[in-house]
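Coordinates in review
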Amino acid sequence: MTQQQVLFFILLAAILIMLLWGRVRHDLVAAGGLFTAVILGLVPESKAFSGFSHPAVLVVALVLIASRAIENSGVLGLVSARLVDEDRPVWLHIAIIGSVGAALSAVINNVAALALLMPLDIQAARKAGRPPGLTLMPLSFATILGGLITLIGTPPNIIASGYREKALGAPFQMFDFAPVGLAVAIAGLAFVASIGWRFIPKAGKEPIASKEDEFQAELIVSEGSPAIDKLVAELDDEIEKADVFLVGLIREGKRLPGRARFARIIQDDVLVVEGSRDGIAELIKALALHRTAREKEREKAGDNETRENAENGNGSDKGTVSRQALSAPTIVEAVVRSDARLAWRSAASVRMRSRFGVTLLGLSHRGITFREQLSERTIEPGDVLLLAGPRTALGRAIGWFGAMSISEVSIAPFAAWRAAIAFGFFAAAILAASLGFLYFTTAIAIAVAGYAATGLVSPREFYDQVDWPVIVMLACLLPLGSAFEDLGGTGVVSDLILTLTQGQSAAFTLVVFMVVILALSDLLNNLATMVMASPLAITIAGKLGANPDAFLMAAAVAASTAFLTPIGHKNNTLIMGPGGYKFGDYWRMGLPLELIVLLVGAPAILLIWPL
């Protein structure tokens, strides 16, 4: 290998390790890798920002906005009532909600599809008295499978289309992915609905009082509370009535030994309790409890800032609220996304109370109890937060945090005119692109402009709906992918794969290639995997004299079907907290599902896209 190739592979290894570590946001890792490559002379300075003008980046952003238009149409309201029925058997519930999730993922972003259906699934589980973890993983996997069906279903398909245009002069069309994607999705859905869900560890547990529904909360004994001057043990009746568990007591910032059963409670003591959202809310009312002492101190420190912003009319811009806005509190649950601003930070560092007027009451980390003070606890992707505050403030705070509400179903009411506009513009864009009148990028851009002109998507939603970390990450990875090809890195890796499959058929090489990409996708972000896999697919096909479309399809399917870990796909991360899953729970259903992807996907590719 040349010196530049060695440098590039070292840099690539560093990027992959940082992505796998997960403590630094993926977009920052990609940007840091790109700038390092420019400094090392691996990427020409003139091409450093070429990724931002790449059609794939624009299409991903436009599809996210189009997804919002379809959500705003209210069509989902027509089917939502039929999805929640606690009397259905588990397999039938999974089959119905999984099918709807897969269908939605074919036309909107699969993360958005999961966000819409996850609260419904949790609601159904609670009504039926079964753990949400029994059905959340099948739902996540179903939305991932549905993304295989169309060009816009998942970003790897869009990237594959862009590389095809660069290599062969024409991109993939909207439904070129459908024959293979449908075959894999139908087989996968049949598996998860019939027997796959039985492999989840939750299947063997009692269907009530599931640990993933519980939070650990810190509640201050405020002035006038009936708990003052009582022994902790004397609160047993109120605690039992609220159906929560008293973990301990904090006084002046120090945790008292054990559960402090015979400590006499004084003002500003902090009760540490575990329980459900409703149980904690009931205990707050019964004992006139309040936010934690640390939150109270931070609010006092932030009062001047809050008052100044309110007087200057800057409350809405800076996320601050006036005292009057703190009335009528609401309690909601929200799950932290993998790319959230809040991830790997503490509540104290964000200043939730002074900036947004919301309080962190509790936190659930896969059902694990922790001893740190709640405000100092590092929040991880997949954690579920129990937040209290005015409804409008909660909505603003959850959006800024990068979290997603799971306790309330957010579905717009149906309106025929909105549905007609949403699907009319969308169908027109697909038809124009399919008939060759316009490039798909141009067609979907015109559709999005139509949504703006008709008010179906508000100006604020245009910016809020776009997943900017994903856009930045993709725009930074694309120049690295081009450098991977230009420096001969694809030739080195392809030679290694061809050496391993020497003497075997091109079909065998394609299967081995899929296995390699599947393994990478389970460990890395699917965008990063696909950016590297696309040029590699074209190079291997060229050396074999085979059809590059077959290898690009194999790469797209493999990069999009990460089922073994919670870090392979955003959807898997989102369900980790609400489902109460551990890292090692995913492979139990994910491994046989990936085998199905191979057993169904590879023959389908060879049939539809012959070598």
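Residues numbered from 1 in each chain as written. Predicted model: local features only at pLDDT ≥ 70, side-chain atom pairs only at ≥ 80, totals over all residues. Heavy atoms only, no water.

1. What about empty space enclosed by the protein?
Using the criterion set out here, one finds four cavities of 30 Å³ or more in the structure. The space that makes up the second largest cavity amounts to roughly 40 Å³. Lining the second largest cavity are Leu148, Asn157, Phe177, Val180, Gly181, Met553, Ala556 and Val557. Elements with a contribution of two residues or more to the lining of the second largest cavity: α9 (178–194) and α24 (548–560). Per element, the largest residue contribution to the lining of the second largest cavity is three residues, and it comes from α24. Per-class residue counts for the lining of the second largest cavity are six nonpolar, two polar and no charged. (1 Å grid on protein atoms, 1.4 Å probe; cavity = no way out; pocket = protein on both sides within 12 Å on 5 of 7 lines; lining within 4 Å. Points joined across faces, edges and corners; volume = space filled by probe spheres on them. Helix = DSSP H or I, 4+ residues; strand = E, 2+ residues; numbered from the N terminus. Nonpolar A, V, L, I, M, F, W, Y, C, P; charged D, E, K, R; others polar.)

2. Some points on a nonpolar patch on the surface
A contiguous nonpolar patch, built from Leu431, Leu435, Phe437, Leu438 and Ile446 and spanning about 520 Å² of accessible area, is present on the exposed surface. The topology assignment puts isoleucine 446 in helix α18 (residues 440–454). (Patch = residues over 30% accessible without salt bridge, like charges linked within 9 Å, V, L, I, M, F, W, Y side chains within 5 Å. Areas by Shrake-Rupley, 256 points an atom, 1.4 Å probe, with all protein chains shown as cover. Salt bridge = Lys/Arg side-chain N within 4 Å of Asp/Glu carboxyl O.)

3. Some thoughts on unusual backbone geometry
Leaving glycine aside, a negative phi is the common case for residues, and trans is the common case for peptide bonds. With a phi close to 50°, alanine 288 is a non-glycine residue in the positive phi region. Relative accessible area serves as the criterion here: at 32%, alanine 288 is assigned to the partly exposed category. (Buried < 20%, exposed > 50% of the residue type's maximum accessible area, 1.4 Å probe, protein only.)

4. So, the pattern of salt bridges
Per the stated rule, a full pass over the model turns up seven salt bridges. Between aspartate 236 and arginine 261 there is a salt bridge, with its nearest N and O atoms 2.8 Å apart. Note that aspartate 236 is positioned in helix α10 (residues 236–242) and arginine 261 in the loop between β3 (254–255) and β4 (270–275), a separation of 25 residues in sequence. Its salt-bridge partner being aspartate 269, residue arginine 251 comes within 2.7 Å of it at the nearest N-O pair. On the criterion of sequence distance, the pair formed by arginine 251 in strand β2 (residues 245–251) and aspartate 269 in the loop between β3 and β4 is long-range, its members being 18 residues apart.

5. Topic: the environment of arginine 264
By secondary structure assignment, the location of arginine 264 is in the loop between β3 and β4. Distance in space between the C-alpha atoms of arginine 264 and valine 232 is 6.4 Å, their sequence separation being 32 residues. When residues no more than four places from it in sequence are discounted, the contact partners of arginine 264 are Asp229, Lys230, Leu231, Arg251 and Asp269. At 2.6 Å, the side chain of arginine 264 forms a polar contact with the backbone oxygen of aspartate 229. (Contact = heavy atoms within 4.5 Å. Polar contact = N/O pair within 3.5 Å; in protein donor to acceptor, adjacent residues only side chain to side chain.)

6. What about helix α22 (residues 506–523)?
Between its first and last C-alpha, α22 extends 26 Å over 18 residues, near the 26 Å set by a 1.5 Å rise per residue. Residues of α22 that are buried include every one of Thr509, Leu510, Phe513, Met514, Ile517, Leu518, Ser521 and Asp522, and no others. On its buried face, α22 sits against α21 (489–500), α23 (526–544), α24 and α27 (586–608). (Expected span 1.5 Å × (residues − 1).)

7. Some remarks on a negative patch on the surface
Together, Asp237, Glu240, Asp243 and Glu282 make up a negatively charged patch on the protein surface. Residue classification places glutamate 240 among the exposed positions, given a relative accessible area of 64%. (Lys, Arg positive; Asp, Glu negative; His and termini not counted. Charge placed at Lys NZ, Arg CZ, Asp CG, Glu CD.)

8. Observations regarding α21
Counted at 1.5 Å a residue, the expected span for α21 with its twelve residues is 16 Å, and the 17 Å between its end C-alpha atoms agrees. Along α21, the residues that are buried comprise Gly489, Thr490, Gly491, Ser494, Ile497 and Leu498. Contact partners of the buried residues in α21: α1 (3–21), α20 (468–486), α22 and α23.

9. With respect to the packing of aromatic side chains
The full count for this structure, using the stated rule, is 13 aromatic pairs. Residues phenylalanine 141 and phenylalanine 563 carry aromatic rings whose centres are separated by 4.7 Å and whose planes lie at 55° to one another, so their mutual orientation is tilted. In this pair, phenylalanine 141 is assigned in helix α7 (residues 133–146) and phenylalanine 563 in the loop between α24 and α25 (570–574), connecting sequence segments 422 residues apart. Judged by its relative accessible area of 0%, phenylalanine 141 falls in the buried class. (Phe/Tyr/Trp six-rings, centres within 6.5 Å; stacked < 30°, edge-to-face > 60°.)

10. Regarding the confidence of the model for the protein
Across the protein, the average pLDDT comes to 83, with 88% of residues at 70 or higher. Long-range and interchain partners of residues 293–328, a stretch whose pLDDT sits below 50, account for 52 contacts in this model, where long-range means more than four residues apart. (pLDDT = per-residue confidence, 0-100.)

11. Section: the pairing of β2
Among the seven residues of β2, five are classified as buried, and the element is accordingly described as predominantly covered. Alignment of β2 against β4, held across five bridges, turns out to be antiparallel. In the strand pairing of β4, phenylalanine 245 is matched with glutamate 274. Inspection of the sheet shows β2 paired to β3 by two bridges, in the antiparallel sense. Bridge pairing in β3 places isoleucine 250 opposite arginine 255. (Pairing = 2+ DSSP bridges.)

12. Describing the pairing of strand β1 (residues 215–221)
On a regular strand, one side chain projects to one face of the sheet and the next to the other, so that they alternate. Across the seven residues of β1, seven count as buried, placing the element largely inside the fold. Across the two faces of β1 the burial is the same, with Phe215, Ala217, Leu219 and Val221 and Gln216, Glu218 and Ile220 all buried. Both β1 and strand β8 (residues 359–364) contribute to a ladder of two bridges, which runs antiparallel. Looking at the pairing, glutamine 216 lines up with leucine 363 of β8.

13. Here we look at the nonpolar core
Soluble globular proteins tend to bury their nonpolar side chains together. Counting 172 residues, the largest nonpolar core has Met118, Leu219, Leu271, Ile280, Leu283, Tyr451 and Phe513 as the members making the most contacts within it. Here this core gets twelve residues from one element, more than from any other, and that element is helix α3 (residues 55–72). The contact partners of leucine 271, leaving out residues within four places of it in the chain, are Ala217, Glu218, Leu219, Val221, Leu235, Leu246, Gly248, Leu249, Ile265, Leu287 and Leu289. Residues Val332, Ala393, Ala397 and Ala403 belong to the second largest nonpolar core, which totals 23 residues. (Core = buried A, V, L, I, M, F, W, Y, C linked by side-chain atoms within 4.5 Å.)

14. As for the environment of phenylalanine 440
Along the polypeptide, phenylalanine 440 turns up in helix α18. Considering only alpha carbons, one finds phenylalanine 440 and proline 55, 385 residues apart in sequence, at a separation of 9.6 Å. In contact with phenylalanine 440, other than residues within four places in its own chain, are Val59, Leu151, Ile152, Met174 and Ala433.

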